[in-house]
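Structural features, examined
Spelled out from the first residue to the last, the chains are:
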Amino acid sequence: MQGMVFRREVEGFRQRTENAKLAIFTCPFDIAATETKGTVLLKTAEELKNFSSGEERLLEENIKAIAKAGANVVVAGGKFSDLALHYLDQLGIVAVRLLSKFDLRRLCRATGATALPRMDPPTAEQLGHCDVVELTEVGDAQLVAFRQKDSRISTVLLRGATDQLLDDVERAINHAINTYKALTKDARLVPGAGASETEIATRLEVAAAQCPGLEQYAIAKFAEALRELPRFIAENAGVRGSEIITKLAAAHHETGKRNFGLDLENETIGDTVTLGYLDLFLTKSWAMRYAVNAATTVLRVDQIIMAKPAGGPKPKENKDWDNDD
């Protein structure tokens, strides 16, 4: 859906407006409270009536000024008072409450509005624009939709039978969006399904055999650690890891099979480029760097200092005491 959708309800009676102009506030939509406490001495009922009507008049003038500025939708980050909703309904203004500052920020970006910290009338440049703002219903959920055809932000609406299914679909969409986002930074791809790790491990084993001294053992162990990733992938898919990893290692020693990886659908190995199993080079390289940094950090530790057990000194034993038995 082009625009933004929030699982909220409108605060007032007005539920739809077209060609909406939004005034977005990060504060509660109510009379501003004073910073200091004060005492008001009222002697008669007329003074009490004038005191309360004065606040109402100020709030009404402020809301009329917001409507005069062109706003027909008010979005606030706090509570709407009953009196403020009364005046908003009189002027035909839609009232929406969003508690999350991140939602307010995204809405400002989608509509081109500027969030105001105080309940002041906005200028023409501070107002946001939206084609339609309406309260809609999907299933049994009430949603407030800010629809805009030319918006840079879109909302993916998910529906499912269970919360677990929705969580899985949401996680898959997040992974897809993050993958596309990473592709815009670096479009290079490498063979996936354990093919890259197995090929690197194979070449490291050859390099370890040619390296003299104790360094060959460190290189060989590094190659052994890389072979664990295809094993984890196979075991998580319910395939016997030892057999398929042996086939994969043998294939990478042959010429022309450096792209071979796990084909878990057929429980065998295959050319991952042909099968379409590819990984991002950017993700793979940073994962390798973080793993190496973690391992080298642990190896740099020379001594582990442990705290003494808590508690005071042990009581002295009296040898003259009789045993319990």
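Refer to the preceding data block for the structure.
The text that follows walks through the structure, step by step, so that each part is easy to find. Because the structure is a prediction, the values reported are computed rather than measured.

Scanning the protein from terminus to terminus reveals 10 helices and 10 strands. The C-alpha extent of the protein, read off along each of the three principal axes, is 100 × 85 × 40 Å. Relative to its full complement of 325 residues, the protein shows a buried share of 31%. Partitioning the intrachain contacts of the protein with sequence separation of at least 6 by distance along the chain shows that 67% fall at a separation of at least 24. Between the mean site of the 41 positive side-chain charges and the mean site of the 46 negative ones, the protein shows a separation of 5 Å.

With that settled, the discussion passes to the environment of Glu 55. By secondary structure assignment, the location of Glu 55 is in helix H1 (residues 45-68). Taking relative accessible area as the criterion, Glu 55 reaches 39% and is therefore assigned partly exposed.

Over the atoms rolls a probe the size of a water molecule, and its path tells where empty space is left. Put simply, the largest pocket is a space of about 1100 Å³. Lining the largest pocket are 29 residues, with Val 5, Thr 155, Val 156, Leu 157 and Leu 158 sitting closest to its centre. Breaking the lining of the largest pocket down by element, the ones donating at least two residues are strand S1 (3-6), helix H3 (101-111), strand S6 (141-147) and helix H4 (163-185). Considering each element in turn, the lining of the largest pocket owes the most residues, seven residues, to H4. Partitioned by chemical class, the residues of the lining of the largest pocket number 13 nonpolar, five polar and 11 charged. By volume, the second largest pocket amounts to about 640 Å³.

As summarised here, the arrangement of the six strands in space is S1-S6-S5-S2-S3-S4, forming an open sheet in which the pairing is mixed. One side of each edge strand has no neighbouring strand; the edge strands of this open sheet are S1 and strand S4 (94-97). In this sheet, adjacent strand axes meet at a mean angle of 35 degrees when their direction is disregarded. Note: strand S3 (residues 73-76) against S4, four bridges, orientation parallel. In the sheet register, Val 75 faces S4, and the bridge partner there is Val 96. Each of S1, strand S2 (16-25), S3, strand S5 (128-138) and S6 touches H3; the most contacted strand, S2, lies at about 125 degrees to it.

Between side chains of opposite charge, a pair can form when the charged atoms approach closely. What the rule picks out here adds up to 14 salt bridges. With its nearest N and O atoms 3.3 Å apart, the salt bridge here joins Glu 224 to Lys 221. Taken as a pair, Glu 224 and Lys 221 lie in helix H6 (residues 215-226) at a separation of three residues, close to a single helical turn. You can call Lys 221 exposed: its relative accessible area is 56%. Among the ionic pairs, Lys 284 bridges to Asp 279, the shortest N-O distance being 2.9 Å. In this structure Asp 279 comes out as partly exposed when scored by relative accessible area, which is 26%.

About the cut-offs
- The numbering scheme is per chain: residues are counted from 1 as the chain's sequence reads.
- Local features are withheld for residues below a pLDDT of 70 in this predicted model, meaning they are given only at 70 or higher, and side-chain atom pairs are given and counted only at 80 or more; totals for whole chains, interfaces and linings count all residues.
- To obtain the side-chain values, all non-hydrogen atoms of the structure were included, while hydrogens and water were left out.
- Helix and strand labels come from DSSP, where a helix needs a run of H or I of at least four residues and a strand needs a run of E of at least two; each type is numbered from the N terminus.
- Partly exposed describes any residue whose relative accessible area lies between the buried limit of under 20% and the exposed limit of over 50%, with all areas from a 1.4 Å probe on protein chains only and scaled to the type maximum.
- Residues are treated as being in contact if the distance between any of their heavy atoms lies within 4.5 Å.
- The charge count includes Lys and Arg as positive and Asp and Glu as negative, but it does not include His or the ends of the chains.
- Charged side chains are reduced to one point each, which is NZ for Lys, CZ for Arg, CG for Asp and CD for Glu.
- Buried and open spaces are told apart on a 1 Å grid over the protein atoms alone, a cavity being a set of points where a 1.4 Å probe fits but cannot get out and a pocket being an open set with protein on both sides within 12 Å along at least five of seven lines. Residues with an atom within 4 Å of a point are the lining residues.
- Grid points are joined across faces, edges and corners, and a volume is the space filled by probe spheres set on the points.
- Three classes are used: nonpolar for Ala, Val, Leu, Ile, Met, Phe, Trp, Tyr, Cys and Pro, charged for Asp, Glu, Lys and Arg, and polar for all others, with Gly counted as polar.
- Two strands pair under a simple rule: DSSP has to find at least two bridges between them.
- Orientation is described by axes fitted as lines to C-alpha atoms, over the contacting stretch for helices, and by angles from 0 to 180 degrees between their N-to-C directions.
- When a carboxyl oxygen of Asp or Glu is within 4 Å of a side-chain nitrogen of Lys or Arg, the pair counts as a salt bridge.

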